[in-house]
Amino acid sequence: MADVLIAELESPEGAVATARRVRELGYQRVEAYTPFPIADLDVALDIPRSKIPWLALVGGLTGCGLALLIQWWTNAWDYPLNVGGRPLGSYPAWVPIIFETTVLLSSFTAFAACLLASRLPRLVHPVFDLPGFERTSIDRFWIVIGDAFAADEDVRAEELATLRRELSRLGANVIQARLGEEVER
Amino acid sequence: MSAATSTVERERDELRADPVLIRPGTYAEVTDELLRAVLRPPRWMRPALIVTFLGTLYLFAAIAYTVTTGIGVWGNNIPIAWAFGITNFVWWIGIGHAGTFISAFLLLLEQKWRTSINRFAEAMTLFAVIQAGLFPLLHLGRPWFFYWLIPYPNTMAVWPQFRSALAWDVAAVFTYFTVSLLFWYLGLVPDLAAMRDRAPERWRRRLYAIFALGWHGSARAWQRWRIAYGLLGGIATPLVVSVHSIVSSDFAISQLPGWHSLVFPPYFVAGAIYSGFAMVVTLMVPARRLYRLEHVITPRHLDAMGKMMLVTGWIVTYSYAIEIWTAWFSGEPYEMYTYLKMRPAGPYAFVFWTVIVCNCITPQFLWSRRIRRSPVALWIAALFIQIGMWAERLMLIVTSLAQDFLPSSWGLYWPTFVDWSLLIGTIFFFLFLFLLFLRFVPFIPIAEIKELKHDLEEEEHAHG
């Protein structure tokens, strides 16, 4: 169970400005939930660029090698068949399948990596229990600050006040909630 | 500045004069409007589903008859072993090309108008590829042995022959279907989440929650989604080009006059995109009217689709001309006979002239901006093009096989009742699947439309 502070905004620009400000105030565990992708948030939240393209490349190369190996092994080695004296290693004739398998495995890797890296599929996530979360897929932009209450006790109240003041200044509707707690529906 | 000088400014002025979205409301309004089609289906939906379902049953009856009796019930025979079956296969898979072309190619080119219609076109791709896949399976004669096409260790100790274009076909079609499905589904996940969060009934929230896979739309998840989606688009673009190239190799690597031609791969790809755009128009124009989506699918979309059909129509026309010219220039008697005599004046001349009228003359009307922007006129043109593209494949297959080298082995083909039933049945099955899609899936990409709205507003804001 963890207390979090949520800044709810009505515009993507507001979300970006808020995210930037929250990060400037030194908060580390900040996540944004939005109805559509906003590229500027990646910068504002210092999200490192995903490695999916590299994984897809590895997947593609695997597919490429696998297709070459299978075609060579089946047609040139394990069951050599002389068709009008054509060479057993007919590499140009294998290109189409090599290409198709490369594409198949690299797209499959990209798809799987995209979901798995986001820990999906996971039908129940703690954030779903936060009040009003369902609007983040429609028209609300949320900045969730996970370490808003993490400061030492003597400075916590002061820091929280600063944070709340800043968030209000930026036009956010501030909600305090507790993650991981069963909520009355 | 009044006269736009740079490309960016010119594009902006164009977008303003001819918008891709007309007066979108707030984000919530946009979402609700696009979800309404699914949450409260129109009244015509149920009867339409019933009719197409009956047609689908008819298809399966024809399939059952074919499989239990044998493909002797088709009109195919030596020398014309490929006829309706392969014609339908090539036609359907060609139609499937527009979907990925619109989604992937236009995504890479950052064409803003693609957003409203991409999911529509992708779904069409999937359903068209399903129809296409049926025909080679049935044409095997013993479809329950289809897995022999896949290299798996078996007690017969034999393997598929990868020097054959037919083995390439299996890989191409299977890969195309899988990648199209992944691309479509990945794009759909955030919208299914919106559906989960907005549906009024509990069962519906539950159902969409499962298919949304627990999507939460965090900034990190969105970044991965954007990258993976763009990546799939980039990978799918050469894939589109490869699939029909490989299908064309089924013909081009043979020695038959009329098939043995280097121009086939680009010519087939252009033809595929041509018929695919025609199919998108055929489905989009009625859907846009019935669902009142005139402000999301604007005249600008119709115009762009019309232009695409004009361009690909010309590529196809040019290919016809080149084929005929090459045949004549080769001086090869069999080639010359097929192209200069058999096709325009042989027993199937009416098919040839149908092709010329539908594929070469119809698109010329699309030079007119008024026709491109008139839904009815564009729809009629699209129908003609579809008929023309189907006839083109029939002409290609049947005229080449009917009269090749030795007159002693010539023969003619006429379709049987079962042939026609299968063709018509797949059209019903396709429409049935498509209606199910319209009924249950947000068919205009909601998250992407909101993103587009945001981009357009930002642009507007930046330039005043």
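Described in the following lines is the structure provided in the data block. Per-chain numbering applies: the sequence of each chain, read as written, is numbered from 1 onward. Throughout, the order in which chains and ligands are written sets their labels, letters from A for the former and numbers from 1 for the latter. Per-residue local features of the predicted model are confined to residues with pLDDT of at least 70, and side-chain atom pairs are confined, for both listing and counting, to 80 or more; whole-chain, interface and lining totals are unaffected and use all residues. Note: side-chain values were computed over all heavy atoms of the structure, leaving out hydrogens and water.

1. Quick notes on the overall build of chain B
Each helix and strand in chain B was counted, giving 16 helices and zero strands. Taken along the three principal axes of its C-alpha coordinates, chain B extends 75 × 60 × 40 Å. Counting every position in chain B, which comprises 464 residues, the buried fraction comes to 59%. Partitioning the intrachain contacts of chain B with sequence separation of at least 6 by distance along the chain shows that 83% fall at a separation of at least 24. Here, Shrake-Rupley sampling with a 1.4 Å probe gives the accessible areas, and only protein chains in the shown set may cover a residue. Accessible surface, chain B as shown: approximately 19,200 Å² in total, 69% of it carbon and sulfur. In this text, helices come from DSSP runs of H or I with a minimum length of four residues, and strands from runs of E with a minimum of two, each type numbered from the N-terminal end. Between buried and exposed lies partly exposed: a residue is buried under 20% and exposed over 50% of the maximum accessible area for its type, with that area taken using a 1.4 Å probe on protein chains only. We call two residues contacting when some pair of their heavy atoms lies within 4.5 Å.

2. What about a nonpolar patch on the surface?
Residue and element names in this part refer to chain B. On the surface, Leu 137, Leu 140, Phe 146, Tyr 147, Trp 148, Leu 149, Ile 150 and Met 156 cluster together into a nonpolar patch covering about 700 Å² of accessible area. With respect to the element layout, Trp 148 can be found in the loop between α5 (118-139) and α6 (165-198). Look at Trp 148 and you get partly exposed, because its relative accessible area is 41%. Without a salt bridge and with relative accessible area above 30%, a residue can belong to a patch; like charges are then joined within 9 Å and nonpolar side chains (Val, Leu, Ile, Met, Phe, Trp, Tyr) within 5 Å. Salt bridges are identified by distance alone: a Lys or Arg side-chain nitrogen within 4 Å of an Asp or Glu carboxyl oxygen.

3. Some words on the side chain of Ser261(B)
Within the element layout of this structure, Ser261(B) appears in the loop between α8 (219-252) and α9 (264-290). By the criterion applied in these results, polar contacts are pairs of N or O atoms within 3.5 Å in which, for protein atoms, one can donate a hydrogen and the other can accept it, and in which residues neighboring in sequence qualify only through two side-chain atoms. Side-chain polar atoms of Ser261(B) contact the backbone nitrogen of Val263(B), separated by 3.3 Å.

4. Examining the packing of helix α2 (residues 27-39) of chain B against α6(B)
Residue and element names in this part refer to chain B. Axis separation between α2 and α6 bottoms out at 11 Å; the angle between their running directions is 85 degrees. Taken as axis vectors, α2 and α6 run roughly perpendicular relative to one another. Across the interface between the two elements, Ala 28, Asp 32, Leu 35, Val 38 and Leu 39 from α2 touch Ala 194, Met 195 and Arg 198 from α6. When residue character is reported, Ala, Val, Leu, Ile, Met, Phe, Trp, Tyr, Cys and Pro are called nonpolar, Asp, Glu, Lys and Arg charged, and the others, Gly included, polar. Residue classes in the contact of α2 with α6 are distributed as six nonpolar, no polar and two charged. All axes are obtained by fitting lines to C-alpha atoms, using only the stretch in contact for helices, and the reported angles, taken between N-to-C directions, cover 0 to 180 degrees. For classification purposes, an angle smaller than 35 degrees is called roughly parallel, one larger than 145 roughly antiparallel, one from 65 to 115 roughly perpendicular, and anything else oblique.

5. Description of the interface of chain B and chain A
At the interface, 57 residues of chain B touch 65 residues of chain A. Run the count over chain B and chain A and you get two salt bridges. On inspection of chain B and its partner chain A, the count reaches 22 residue pairs in polar contact (both at pLDDT 80 or more). Those elements giving two or more residues to the side of chain B that touches chain A turn out to be α2, α6, α7 (202-212), α8 and α16 (446-463) of chain B. A per-element tally of the side of chain B that touches chain A places α8(B) first, with 17 residues. Broken down by class, the residue content of the side of chain B that touches chain A amounts to 36 nonpolar, 11 polar and 10 charged.

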